[in-house]
Amino acid sequence: MNETLKDPPEGGAGAFACQPVFSRPLNRRRFLASAALAPGALAAAVPPSLAIAHYKAPPSAPEGIAEEARRLTRAAVGALGGMGRFVSKGNVVWVKPNIAFDRRPEQAACTNPDVVAAIVEMCFQAGAAKVLVSDNPIHVPERTFPRSGIQQAAEKAGARCPFMDERRFRAMSLTGAKVLTKWKLYSELVEADCLINVPIAKQHSLAKAVLGMKNLMGAAGGDRGRFHQDIANTVTDLAAFLKPRLVVLDAVRILAANGPTGGNLSDVKRKDLVVAGVDQVAVDSVGATILGYRPADIGYLVEGQSRGLGTTDFQSLSPVRLEV
Amino acid sequence: MARGTRASWLVWLRRASQTAFLLLFLYLFLQTADHPIDRPGRGVKLFFQLDPLALPLAWLASHAVAAGMLLSLATLAITLVFGRWFCGWVCPFGSLHHLIASLRPGPAKDKLDTGGYAPWQKAKYYVLAVFLGAALLGANVAGWLDPFSFFFRSLATSVFPALNDAVARFFGWLYDANPGIGPLRVTAASEPVYEFLRRHFLALRQPHYSGNLLIGFLFAGAVALNFFRARFWCRYICPAGALLGLVGKNPLVRLSRKPDACNDCRLCLADCQGGANPNADGWKPAECFYCFNCQSDCPSQAITLGLARDPLVGAGHARPGALQINRTIAVLTGPTWLRSFVKPPKPERLDLGRRRMLASGAAGIGSFFLFRTGALGAGRSYNPELVRPPGALAEDDFLARCIRCGECMKVCPTNAIHPTALEAGLEGLWTPVMKMTIGYCEYECTLCSQVCPTGAIRPLKVAEKQRIKIGLAYFDRNRCLPYAYARSCIVCEEQCPTPKKAIWFEEVQALAPSGERVTVKQPHIDPALCIGCGICSTKCVFKDRPAVLVSSAGETRNPANGVLLNATA
């Protein structure tokens, strides 16, 4: 199993498909140095919109992976200018990980709990008054929240993890929606000052990939199964309406097959990556590449780009690449 | 009642005991839930393990009992000494009846008229004989009327869901309306209260059970009968009470009445719970709950319940010959307390009539053969609807053990387990069946197997549970969107929880209503991988009758209901 987890960057079924992305490795110091030395100091004044953090020496022990996830998250968000760019003093922040399934962290069906915890900590450091971490899961929340480890990690970091309350889903008119013109969404999530989307990268037979935009289905109530009949538009409708201020994609472990439920450890691949960005289409496009797809193959990314939510050509954003 | 007389402290002690056990029962009821992760509350099976009826019936029917149920031997042992003390001091269902009966309006005179023994109280012994007769051959239907099963099942499937709905609707109404004055809004107070109730008392999601109405109606009826006779259930119906009456028909703790002090006022009958005739009509130990009301009520202090040290006291109705024998034993055996163990006197013979008891037992035996020669009997045919929880034994063994208590129904986190109506035949009434339109079997969950008190659902480890097939899913291609309507869906494939998905799909060019050919993924099932968990059915976009259904075919527990050619079958 360890062999599988330490999937080498080149070759094999779980090929490191996004290899070109990392052709210009950069750590924080080199990034800062290059930014300072850049002839156009103006370029440095515009904060980067996409950061990809990779872990150089991935550990195999669980504690090591936890530390890795936290450091990658801090580095990726730090490269964007830190959480202070997204969270202001006194803000109510809703952190939306994927907590959909009754699966353990190593099964990679839910977001890595340490990625979530690191974000919660950074939110409080940025002055957030309240951080809520929750999801409308597919399995029952009293099992998925603790089993994923997210509830424990987030509560330890000071967040609250309320189970969503059926009464607080409210039918809302989704501006500019093509399909979901009116749907039940979770009122407190919509009303939060700042929404941070924290998905995990997983294979999905219909949508091809579960990434950030599809993770926003967890803000919706009602029978979400119907979304499948037009997954590209429904997911884009949600993403266009909810507009997370920051997306942090967990690809420390990814679920490469039998997603999104998983369960088989041999379908879990280590990628040791965390991607952070303000452009949700671009972050997901990096995620698609990590999973081995071209962004153009994924309907909701194409649709998202055509509606101006972001770009699938993430290279054009000159992503900051960090080796941690 | 208790008019400051000498024994009233015993009445208060009994009330404290009843209150404590009733509250414990309700507490354990609420604890019969998922305590993260995959653990029920501690000791939730306790009352079923103390249940004096469940043990002998399970043993007769299945020749095997779950180890925990041996606790009920203690109940039976105590009964040898204290008679039906258990009914009066411990049984929570009895305490509920006691409470309701005490609310009964009306003059004391009516109570005097109805408080005494009635011959129909023998009915419960015949009920017991029917159950014993059926159990002798393997049909364990005692759960229909087992007091703990009746109470728990009614709470779980009927009373609790209704209460939960009432509370949730009340707070939901406050939440929606949110009345208040200026910035002071009622939700500021009501929402924290609701949150507290939700966390400690209510269900996280509103439960729904099929057949709740009949079960609730019978429960209400059983409770309402207390207005006709105090503790009607315990006097006339309860087969567990009958068993304790038989075991404790000759207890060491007895009622003695001083004939000289008694003026035959019959006040003792007014609050008699069991119809045990503490008055001059002659005490019936098999009907007495040792509630001490008579001793407390007696204005002449003529009645005492206590260890009869002298076998001659209280033997008011002993046969003449017995007196001489007892005297002889008294001389031979020395200390009087020891003598009472050797040959306690018989205050009142429990005369049930041998023929009637035999006839009742024969009726039970006969009913077994009727049960088992129906269409579902002994593996002649299988009901596709009868999908049992994972770990359920083969159908005959299952029916020999299940006491229909409803623990599995209460604990199931997805509300998948329901009481049967006639899916398992009349014999299987109120046994658990999985309804995948309402809930599904959670892949990582073993809660029902952990709470089953009788082992009808055997204890399972998660890894073992994940290998058990409870049924097999199949598609209704006339409804399934990609087949019938050329629309994308495969929610079922997304949800399928087996590590290698049991649902796979085929990309086909289907004809859309517009006349275009569109590419859709049509799902298929791998019967070797499908475990019948039913999440595909629960999450299917068709809610009335899902386009993917689960039938009992291929269930691990009944090899004869298998489908696939296996090396092991």
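Remember, predicted model here, so these are calculated numbers, not experimental data. (Residues numbered from 1 in each chain as written. Chains lettered and ligands numbered in written order. Predicted model: local features only at pLDDT ≥ 70, side-chain atom pairs only at ≥ 80, totals over all residues.)

S.K.: Describe the overall build of chain B, naming the residues involved and giving the relevant values.
M.R.: When helices and strands are counted, chain B shows 24 helices and 10 strands. A burial count over chain B gives 48% of its 569 residues as buried. When contacts within chain B are restricted to residue pairs at least 6 apart in sequence, long-range pairs at least 24 apart make up 74% of them. (Helix = DSSP H or I, 4+ residues; strand = E, 2+ residues; numbered from the N terminus. Buried ≥ 20, exposed ≤ 12 C-beta atoms within 10 Å, placed from the backbone. Contact = placed C-beta atoms within 7 Å.)

S.K.: Tell me what's going on with the overall build of chain A, and back it up with residues and numbers.
M.R.: Regarding its fold elements, chain A presents 12 helices and 11 strands. In chain A, which comprises 324 residues, the share counted as buried stands at 56%. In chain A, the share of contacts with a sequence separation of at least 24, taken over all contacts with a separation of at least 6, comes to 75%.

S.K.: An account of the interface of chain A and chain B is requested, with residue identities and associated values reported.
M.R.: Counting residues at the interface gives 23 residues for chain A and 28 residues for chain B. Top contributing element to the side of chain A that touches chain B by residue count: helix 6 (residues 141-147) of chain A, with four residues. Classifying every residue of the side of chain A that touches chain B gives six nonpolar, 10 polar and seven charged. (Nonpolar A, V, L, I, M, F, W, Y, C, P; charged D, E, K, R; others polar.)

S.K.: Please set out unusual backbone geometry residue by residue, giving values where relevant.
M.R.: In this model, Gly259 of chain A is joined to Pro260 of chain A through a cis peptide bond whose omega is 0°. Checked against the element boundaries, Pro260 of chain A lands in the loop between strand 9 (246-255) and strand 10 (268-277). Here the amide bond leading from Pro36 of chain B into Ile37 of chain B is cis, since omega sits at -10°, within 30 degrees of zero. For Ile37 of chain B, the position within the fold is in the loop between helix 1 (8-31) and helix 2 (46-50). In this structure, Ser318 of chain A is a non-glycine residue whose phi angle is positive, near 45°. Within the element layout of this structure, Ser318 of chain A appears in the loop between helix 12 (299-306) and strand 11 (320-323). A count of 12 C-beta atoms within 10 Å places Ser318 of chain A in the exposed class. Located in the positive-phi region is Arg231 of chain B, a residue other than glycine, with phi close to 50°. Residue position: Arg231 of chain B is located in the loop between helix 11 (212-224) and helix 12 (232-237).

S.K.: Report on the packing of helix 10 (residues 231-242) of chain A against helix 12 of chain A, specifying residues and quantitative values.
M.R.: Each pair of packed helices gets described by two things: the angle between the helix axes and the distance between those axes. Residues and elements named next belong to chain A. Relative orientation of the contacting elements helix 10 and helix 12 amounts to 50°, with a least axis distance of 8 Å. In terms of orientation, helix 10 lies oblique with respect to helix 12. Relative to helix 12, the crossing made by helix 10 is right-handed. Of helix 12, the residues touching helix 10 (which contributes Ile231, Ala232, Asn233, Val235, Thr236 and Ala239) are Gly299, Tyr300, Glu303 and Gly304. Residue composition of the contact of helix 10 with helix 12, grouped by class: five nonpolar, four polar and one charged. (Axes fitted to C-alpha atoms, helices over the stretch in contact; angles between N-to-C directions. Parallel < 35°, antiparallel > 145°, perpendicular 65-115°, else oblique. Left-handed = near helix turned anticlockwise from the far one by under 90°.)

S.K.: So what's going on with the environment of Val281 of chain A? Which residues, and what values?
M.R.: Residue and element names in this part refer to chain A. Following the sequence through the fold, Val281 ends up in helix 11 (residues 280-291). Here Val281 falls in the buried class, since 30 other C-beta atoms lie within 10 Å of it. Residues Val281 and Gly310 lie 29 residues apart in sequence; the distance between their C-alpha atoms is 4.9 Å. Residue contacts for Val281: discarding those within four places in its chain leaves Leu301, Gly304, Gln305, Leu309, Gly310, Thr311 and Thr312.

S.K.: Describe in detail the nonpolar core, supporting the description with residues and values.
M.R.: All names here are of chain B. Ranked by internal contacts, the top residues of the largest apolar core, which has 137 residues, are Phe131, Tyr290, Cys408, Cys448 and Val548. At 10 residues, the largest contribution of residues to this core is made by helix 8 (residues 123-137). Those residues in contact with Cys448 that sit more than four places away from it in its chain are Pro389, Cys408, Val411, Cys412, Ile417 and Ile457. (Core = buried A, V, L, I, M, F, W, Y, C linked by C-beta atoms within 7 Å.)

S.K.: Which residues make up the packing of helix 8 of chain B against helix 17 (residues 354-372) of chain B, and what values go with them?
M.R.: All names here are of chain B. Between helix 8 and helix 17, whose axes approach to 7 Å, the crossing angle comes to 40°. Taken together, the axes of helix 8 and helix 17 are oblique relative to one another. The handedness of the crossing between helix 8 and helix 17 is right-handed. Contacts between helix 8 and helix 17 pair Tyr125, Tyr126, Ala129, Val130, Phe131, Leu132, Gly133, Ala134, Leu136 and Leu137 from the former with Arg356, Met357, Ser360, Gly361, Ala362, Ala363, Gly364, Ile365, Ser367 and Phe368 from the latter. Partitioned by chemical class, the residues of the contact of helix 8 with helix 17 number 14 nonpolar, five polar and one charged.

S.K.: How would you sum up the environment of Glu195 of chain B? Please name residues and give values.
M.R.: All names here are of chain B. With respect to the secondary-structure elements, Glu195 resides in helix 10 (residues 187-200). Judged by C-beta crowding, with 14 C-beta atoms within 10 Å, Glu195 ranks as partly exposed. When the C-alpha atoms of Glu195 and Phe171 are compared, they prove to be 9.9 Å apart, with 24 residues separating the residues in sequence.

S.K.: Before we move on, could you go through the environment of Pro137 of chain A and cite the residues and values that matter?
M.R.: Residues and elements named next belong to chain A. Relative to the assigned elements, Pro137 resides in the loop between strand 3 (130-133) and helix 6. Expressed as a C-alpha distance, the spacing of Pro137 and Asp267, which sit 130 residues apart in the sequence, is 22 Å. Those residues in contact with Pro137 that lie beyond four places of it in its chain are Ile99, Ala100 and Thr144.

S.K.: Break down helix 10 of chain A for me, with residues and values.
M.R.: Because an α-helix packs 3.6 residues into every turn, residues spaced three or four apart end up facing the same way. Residues and elements named next belong to chain A. An ideal rise of 1.5 Å per residue puts 16 Å on 12 residues; helix 10 measures up with 16 Å between its terminal C-alpha atoms. Along helix 10, the residues classified as buried are Ile231, Ala232, Thr234, Val235, Thr236, Asp237, Leu238, Ala239, Ala240 and Leu242. Packing partners of the buried residues in helix 10 comprise strand 6 (194-198), helix 9 (212-215), helix 11 and helix 12. Positive phi shows up at Lys243, right after helix 10, with a value of about 40°. (Expected span 1.5 Å × (residues − 1).)

S.K.: So what's going on with the confidence of the model for chain B? Residues and values would help.
M.R.: All names here are of chain B. Per-chain confidence: chain B averages 89 in pLDDT, with 91% of residues scoring 70 or above. Counted against residues more than four places away or in other chains, residues 310-322, with its pLDDT under 50, gives 28 contacts. Confidence metrics for the complex model read pTM 0.90 and ipTM 0.87. (pLDDT = per-residue confidence, 0-100.)

S.K.: Before we move on, could you go through helix 6 (residues 92-102) of chain B and cite the residues and values that matter?
M.R.: Residue and element names in this part refer to chain B. Counted residue by residue, helix 6 has eight buried out of 11 residues, so it is predominantly covered. Along helix 6, the residues classified as buried are Pro92, Phe93, Gly94, Ser95, Leu96, His97, His98 and Ala101. Taken together, the buried residues of helix 6 touch helix 1, helix 2, helix 5 (85-89), helix 9 (147-177) and helix 12.

S.K.: Describe the pairing of strand 8 (residues 503-511) of chain B, and please don't skip the residues or the numbers.
M.R.: Consecutive side chains along a regular strand alternate between the two faces of the sheet. Residue and element names in this part refer to chain B. Note that strand 8 and strand 9 (residues 517-525) share nine bridges and pair antiparallel. Paired with Ile503 across the two strands is Ile525, which belongs to strand 9. Taking the residues that link successive antiparallel strands as the turn, the strand 8-strand 9 hairpin has five residues, and the phi of Gly515 there is positive, at about 95°. (Pairing = 2+ DSSP bridges.)

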